[in-house]
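Residues per chain, in single letters:
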Amino acid sequence: MTSTASTATKTATAATERDLITARHLINGEWLGGADTERMNPARPGELAALSPSGTAEDVDAAITAATAAQPAWAALPAPSRGAILMAAGNLLLDRQTSIAEDLVREEGKTIAEAKGEVKRASDVLRFFGSLGWAATGEVLPSGLQDTTITTRREPLGVVGLITPWNFPIAIPAWKSAPALISGNAVVIKPAELTPLSATHLARALQDAGLPAGVFNVVHGKGRVAGDALARDPRIAGMSFTGSTKVGLGLQEILNGRRARVQLEMGGKNGVLVLDDADPRKAAQVVAAGAFGLTGQACTATSRVYVTPGIREDFLAALVEEAAAYTAGDGLEAAKMGAVVSSQQFEQNQAAVRTAVERGAKLLHGAYDGGTDAGFRFPAAILTDLPFDDAAVTEEIFGPVVAVLEVPDYEAGLAAINDSRYGLTAGICTDSLALATDFAARAQAGVIKVNRPTAGLDLNVPFGGVKDSSTNTFREQGKSALDFFTWGKTVYTGVYLP
Ligand code: ADP
């Protein structure tokens, strides 16, 4: 009797726990889809982190149909009313910050401090764009014509598609969705397969804040199935994507084919130039934060450093000390650096470092032969003595791996920074205002950091890159994010002439 009761209780508890980690599609205000894809915790072998449905082209079709039906009424709502919903959703994310951050750590691997910061960021982003519901969206301009006033308006695109990666699984969905929604668009988002729960928390907050059914829809699943169906649907007027350069460029072809708007944020190989006049310890802290923070899994992460001869030795000694402090481990415990997201990424990190060493590079800190019995723990890696065209210097690794190369002077360092197919962020460590100013003007990157880590962005300013990093047409974040999700109209208003 007792044992039957306890079994029943156990089953009920197990069902509840499973429910709590199950992400569903959100289509027309309804939570749908089976729990058929398992996501394991990258820091704890064998622990289930999330379950999600594998979306089909039919699911995407249903979501776009719902969005198409809901969009006109949403756009007709006064902008301050749309904004109030975004602000309420932002507040809900903050109320739920800890529990969402814990889910985020379990499915993505970053540290709890990083995850809480990311949830706070998503909340701030929703509140920032919510507040823009009260802001001016056009101008009043003089006309050369008699009795005529000219105004400009921004109109929503309609239904927009968003495809997002796993590395900022709630912040990126938030910073794409919020400008889309405040502008009066309806959204269909396909989050990364590895991190279904985080985007689902965003959807839940929006729904709980009173967003009308169909305005924000989520379809989980594989990129080449659900993501591809989203990109190909002619009802999608614009698509904003963050992910790999290869996938981004493929999407661009699809969207360009029907002249729909496309915004791509893709890879990076972000360099920092460390000059003799910098403080070696502070420069090492800047580089370490950019290279090893977030387990190096940021498109803005520092992955190559060019250092002038006078500071090289002291800088490297300080960088090795900094790297040692980034202990890799379980983000829910005391680790300073979280787990690598997947076995595939872990092996990619190991292969990148091993190959560089086999070609003659020195590994000043790190290892590339560790196992995964305790999860995907990859120690911070510092490579030196490599040729400038080594793959570890030119190709994105997306892990806590940094290559440090010597350059004779500032000009050579700047040339090396610019000798890349990517151009997302670039940094310089110097006390020279003249060189910092010159660098800001001549470095080929969308974001320049002077004495600051290449990773880490404010939410109210434009973000994006050049070359193979970004489409380099519309910027994300800040008020400039609104440009992508709207089109401009010029209105002449006159009176009939007598
Ligand atoms: P990463 O290497 O960071 O996972 P991807 O570019 O593979 O980057 O993935 C980023 C997002 O793009 C994910 O949501 C993924 O599901 C989606 N995706 C991947 N392949 C495709 C594709 N062929 N079409 C549309 N979306 C895709």
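All of these numbers come straight from a predicted model, not from anything done at the bench.

**Comments concerning the confidence of the model for the chain**
So, point 1. Taken over all residues, the pLDDT of the chain has a mean of 96, while the share at 70 or more is 97%.
So, point 2. Contacts for the low-pLDDT stretch residues 1-12, under 50 throughout, to residues beyond four places or in other chains number zero contacts.

**Side note on the packing of helix H4 (residues 97-108) against helix H5 (residues 112-131)**
So, point 1. One way to put it is that H4 packs onto H5 with a least axis distance of 8 Å and a crossing angle of 125°. Relative to H5, the element H4 lies oblique. Helix-helix and strand crossings are classified by hand; for H4 and H5 the assignment is right-handed. Side by side, H4 and H5 meet where Gln97, Thr98, Ile100, Ala101, Glu102, Leu104 and Val105 of the first sit next to Ile112, Ala115, Lys116, Glu118, Val119 and Lys120 of the second.
So, point 2. In terms of residue class, the contact of H4 with H5 is built from seven nonpolar, two polar and four charged.

**Things to note about the domain arrangement of the chain**
So, point 1. Split by domain assignment, the chain resolves into domain 1 (2-266 + 470-489) and domain 2 (270-450).
So, point 2. Between the C-alpha centres of domain 1 and domain 2 there is a distance of 31 Å.
So, point 3. Each partner contributes residues to the interface: domain 1 has 23 residues there, and domain 2 has 28 residues.
So, point 4. Regarding the contact of domain 1 and domain 2, the summed buried area is about 1900 Å², with carbon and sulfur atoms giving 60% of it.
So, point 5. It is Pro42, Ala43 and Trp166 in domain 1 that bury the most area against domain 2; as a group they hold 23% of the surface buried on that side.
So, point 6. Seen at the junction of domain 1 and domain 2, the total is one salt bridge.
So, point 7. Along the contact surface separating domain 1 from domain 2 lie seven residue pairs in polar contact (both at pLDDT 80 or more).

**Some points on the sheet that holds strand E13 (residues 302-307)**
Across a sheet, strands are paired by hydrogen bonds formed along the backbone, either parallel or antiparallel in direction.
So, point 1. An order of E14-E15-E16-E13-E12-E18-E19 is seen for the seven strands of this open sheet, with the pairing classed as mixed. Two strands lie at the open edges of the sheet, namely strand E14 (362-365) and strand E19 (447-450), each paired on one side alone. In this sheet, adjacent strand axes meet at a mean angle of 25° when their direction is disregarded.
So, point 2. Bridge count for strand E12 (residues 270-274) against strand E18 (residues 425-429) is four bridges, and the pairing is parallel. Following the sheet pairing, valine 274 is matched in E18 by cysteine 429.
So, point 3. Helix H10 (residues 280-292) rests against E12, E13, strand E15 (381-384), strand E16 (401-406) and E18 of the sheet, and its axis sits at about 155° to E13.
So, point 4. With respect to the sheet, helix H15 (residues 433-442) is in contact with E12, E18 and E19, its orientation differing from that of E18 by roughly 170°.

**Quick notes on the sheet that holds strand E6 (residues 148-156)**
So, point 1. With respect to topology, three strands assemble into an open sheet ordered E5-E6-E21, the strand pairing being antiparallel. Each of the sheet's edge strands pairs with one partner strand only, and the pair in question is strand E5 (140-142) and strand E21 (486-494). Taking the axes of each pair of neighbouring strands and ignoring which way they run, one obtains an average angle of 30° across the sheet.

**Examining the pairing of strand E8 (residues 186-190)**
So, point 1. Most of E8 sits inside the fold, with five of its five residues counted as buried.
So, point 2. Both faces of E8 are covered, namely the face carrying Ala186, Val188 and Lys190 and the face carrying Val187 and Ile189.
So, point 3. As defined by bridge partners, strand E7 (residues 159-163) adjoins E8 across five bridges and the pair is classed as parallel. Counted as the bridge partner of valine 159 is alanine 186 from E8.
So, point 4. The pairing of E8 with strand E9 (residues 216-218) spans three bridges and is classified as parallel. Within E9, the position partnered with valine 187 by the bridge is phenylalanine 216.
So, point 5. A crossover links E8 with its parallel partner E9, the connecting element being helix H7 (residues 196-208), and its sense is right-handed.

Analysis parameters
Residues numbered from 1 in each chain as written. Predicted model: local features only at pLDDT ≥ 70, side-chain atom pairs only at ≥ 80, totals over all residues. Heavy atoms only, no water. pLDDT = per-residue confidence, 0-100. Contact = heavy atoms within 4.5 Å. Axes fitted to C-alpha atoms, helices over the stretch in contact; angles between N-to-C directions. Helix = DSSP H or I, 4+ residues; strand = E, 2+ residues; numbered from the N terminus. Parallel < 35°, antiparallel > 145°, perpendicular 65-115°, else oblique. Left-handed = near helix turned anticlockwise from the far one by under 90°. Nonpolar A, V, L, I, M, F, W, Y, C, P; charged D, E, K, R; others polar. Domains from an automatic or database assignment. Buried area = accessible area lost by both parts, 1.4 Å probe. Salt bridge = Lys/Arg side-chain N within 4 Å of Asp/Glu carboxyl O. Polar contact = N/O pair within 3.5 Å; in protein donor to acceptor, adjacent residues only side chain to side chain. Pairing = 2+ DSSP bridges. Buried < 20%, exposed > 50% of the residue type's maximum accessible area, 1.4 Å probe, protein only. Right-handed = clockwise from strand over helix to strand, strands pointing away.

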